[in-house]
Amino acid sequence: MTFYGIYLLIKHFRLIVANQYFRLFIALFLCIFIPLLLSLPDAVNPGRSISSTSKYLVFPFILIFALYKMGENTEYKKNLFIACGVIVTFWVIDALIQYTLGYNILGYPYGANNEGGVNFFGFSYSAGDAGGRLRGIFFPKQRLGTVTAALSPIVFDFVRIYARRFKLLWLLIPLTIFVILLSGSRNAWLILFSASFFYFIYLSLRAGVKRTIKYFAVLFLVFIIVGFAAYQVPHVKRYVNTTSLLFKGDFKSIDEATAYRLSLWTISYKIGLDNYLNGVGPRGYRYVFRDYAKESNRWYKTAQTHPHQMTLEIFTETGLIGISAYLIFWFLLLRFLFRLRGESLQRAAPWGIAAIVSMSPINSHMAFYGNYWSTISWWLLIIMVVMANQNEAKTKS
């Protein structure tokens with residue numbers, strides 16, 4: 001896709017740069033990419049930072065490829081939307097099979113269902129190791145809840161459109177919520193709630209306030225019922241009870257409630273203050289962590305790869321330049337979405353909401369500049385732009 005995008009840019013340069021959606025994407029891209037470049041002169045690990053920065057260069061060319069392949073072709077866009085809905089549906093069903101039977105369709109184990117522990121291709125898991133977390137198709141990584149939650153706006157819209165013909169599809173919403181809760185990722189729970197909130201804003205613009213209130217009441221009831229059912233699962237109850245320690249207000253309780261992320265955030269803030277202009281370079285946090293942390297810090301020996309908080313990560317690794325550009329990024333993205341109308345809004349909104357929650361400043365899961373999450377986030381942005389594109393003709397080869 002990247003090489004074909006380069007070919008298309010060379011061959012149709014004027015037509016491509018004149019495309020308003022391409023220009024929007026480039027503006028969003030530069031808001032993130034320029035701070036990365038400006039952080040490189042002071043990067044604590046230049047090799048790692050240059051590697052991370054260079055990988056961003058593929059995204060504009062992938063967009064060009066996607067615009068060329070889909071252009072105004074509504075059938076391609078519809079098929080992509082359906083494919084995403086079907087894939088997430090498979091993830092959910094597969095995860096429920098894993099939770100119920102102890103193994104998913106591919107044979108990946110759910111450790112909490114095996115009291116004696118299991119060994120799967122070198123990965124040893126006991127009930128204590130797994131902590132009851134549902135991993136599904138992403139085994140052994142704990143990514144099921146986070147990725148599924150990020151894609152939940154697409155699931156909501158998929159159900160809204162196709163459940164009229166396939167009534168059983170309505171079950172996908174409570175089952176998806178249940179799987180996300182059983183994943184044990186509290187950040188996934190936060191993403192899910194954020195996605196639901198923004199999706200209902202979109203619905204209110206599209207369907208009117210009265211219908212939206214009805215939808216909201218139904219979904220709120222679903223959340224209550226599914227949440228109560230999930231709370232009966234021991235590891236979910238444990239995470240909920242641990243989170244309640246936030247209300248104690250002292251450092252130790254808050255640190256425990258946030259899975260000891262406060263110990264990471266305070267160090268991240270100190271690093272950022274000492275490198276406030278352009279940061280320590282992308283992925284540089286891990287290399288200076290021990291220079292700031294005391295030996296009493298829970299993470300001193302393992303030195304986490306990132307602060308587990310997106311705003312702090314941006315501040316630490318690209319400084320105030322990165323934070324300023326990040327604010328501009330949000331202004332451009334939200335303005336674009338609120339200006340969409342008609343079919344462009346209908347097609348792009350779910351993807352745009354998914355991009356919003358995946359790049360949200362309050363996220364505390366995977367690294368903003370890391371390969372895995374940045375690929376997901378920028379893929380969502382690319383599809384959002386492609387879905388919105390309808391007024392300009394497809395490039396002819």
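Residues numbered from 1 in each chain as written. Predicted model: local features only at pLDDT ≥ 70, side-chain atom pairs only at ≥ 80, totals over all residues. Heavy atoms only, no water.

### Digging into the overall build of the protein
Phase 1 of the analysis: For the protein, the count of helices and strands is 19 helices and two strands.
Phase 2 of the analysis: Against the compact-globule benchmark of 21 Å for 397 residues, the protein has a radius of gyration of 22 Å, which places it among compact chains.
Phase 3 of the analysis: With respect to the principal axes defined by its C-alpha atoms, the protein has extents near 60 × 55 × 45 Å.
Phase 4 of the analysis: Split into buried and exposed, the 397 residues of the protein put 53% on the buried side.
Phase 5 of the analysis: Once local pairs closer than 6 in sequence are excluded, the contacts in the protein between residues at least 24 apart make up 72%.
Phase 6 of the analysis: Carbon together with sulfur atoms contributes 65% to the accessible area of the protein, which is approximately 18,700 Å² in total.
Phase 7 of the analysis: Of the side-chain charges in the protein, 39 are positive and 17 negative, and the distance between the mean point of each set is 9 Å. (Helix = DSSP H or I, 4+ residues; strand = E, 2+ residues; numbered from the N terminus. Rg over C-alpha atoms; globule rule 2.2 N^0.38 Å. Buried < 20%, exposed > 50% of the residue type's maximum accessible area, 1.4 Å probe, protein only. Contact = heavy atoms within 4.5 Å. Areas by Shrake-Rupley, 256 points an atom, 1.4 Å probe, with all protein chains shown as cover. Lys, Arg positive; Asp, Glu negative; His and termini not counted. Charge placed at Lys NZ, Arg CZ, Asp CG, Glu CD.)

### Observations concerning the pattern of salt bridges
Pairing between side chains of opposite charge can happen when their charged atoms approach one another.
Phase 1 of the analysis: Following the criterion strictly, the structure yields two salt bridges and no others.
Phase 2 of the analysis: A salt bridge links Asp-157 to Arg-160; the shortest N-O distance between them is 3.0 Å. Within this pair, Asp-157 and its partner Arg-160 are both found in helix 9 (residues 152-162), separated by three residues, close to a single helical turn.
Phase 3 of the analysis: A salt bridge links Arg-347 to Glu-343; the shortest N-O distance between them is 3.3 Å. One end of the pair, Arg-347, and the other, Glu-343, are both in helix 18 (residues 342-358), four residues apart, so they sit about a helical turn from each other.
Phase 4 of the analysis: Overall, Glu-343 belongs to the partly exposed group, its relative accessible area being 48%. (Salt bridge = Lys/Arg side-chain N within 4 Å of Asp/Glu carboxyl O.)

### Notes on the layout of surface pockets
Phase 1 of the analysis: Roughly 1,600 Å³ of internal volume is contained in the largest pocket.
Phase 2 of the analysis: Taken together, 47 residues line the largest pocket, and the ones lying closest to its centre are Arg-133, Ser-185, Arg-186, Arg-261 and Ser-364.
Phase 3 of the analysis: Looking at the lining of the largest pocket, the elements with two or more residues in it are helix 11 (186-207), helix 12 (209-231), helix 13 (234-243), helix 14 (251-257), helix 15 (262-274) and helix 19 (371-388).
Phase 4 of the analysis: Here the residues of the lining of the largest pocket sort into 22 nonpolar, 16 polar and nine charged. (1 Å grid on protein atoms, 1.4 Å probe; cavity = no way out; pocket = protein on both sides within 12 Å on 5 of 7 lines; lining within 4 Å. Points joined across faces, edges and corners; volume = space filled by probe spheres on them. Nonpolar A, V, L, I, M, F, W, Y, C, P; charged D, E, K, R; others polar.)

### Observations concerning the confidence of the model for the protein
Phase 1 of the analysis: Summarising the model, the protein shows a mean pLDDT of 87, and 93% of its residues fall at 70 or more.
Phase 2 of the analysis: Across residues 112-131, where pLDDT falls below 50, the model places 38 contacts with residues more than four positions away in sequence or in other chains.
Phase 3 of the analysis: In this model, residues 392-397 is a region of pLDDT below 50 whose contacts with residues beyond four sequence positions or in other chains number 16 contacts. (pLDDT = per-residue confidence, 0-100.)

### Remarks on a positive patch on the surface
Phase 1 of the analysis: A cluster of basic residues, Arg-164, Arg-206, Arg-211 and Lys-214, forms a positive patch on the protein surface.
Phase 2 of the analysis: Along the chain, the position of Arg-164 falls in the loop between helix 9 and helix 10 (172-182).
Phase 3 of the analysis: According to the relative accessible area criterion, Arg-164 is exposed, its value standing at 55%. (Patch = residues over 30% accessible without salt bridge, like charges linked within 9 Å, V, L, I, M, F, W, Y side chains within 5 Å.)

### What to know about empty space enclosed by the protein
Phase 1 of the analysis: Applying the stated criterion across every chain yields a total of one cavity of 30 Å³ or more.
Phase 2 of the analysis: In this model, the largest cavity occupies a volume close to 50 Å³.
Phase 3 of the analysis: In the lining of the largest cavity, the residues fall into two nonpolar, five polar and three charged.

### What to know about the environment of Ile-271
Phase 1 of the analysis: Its location among the elements puts Ile-271 in helix 15.
Phase 2 of the analysis: In this structure Ile-271 touches Val-280, Tyr-285, Val-288, Phe-289, Tyr-292 and Thr-316, once residues within four positions along its chain are discounted.

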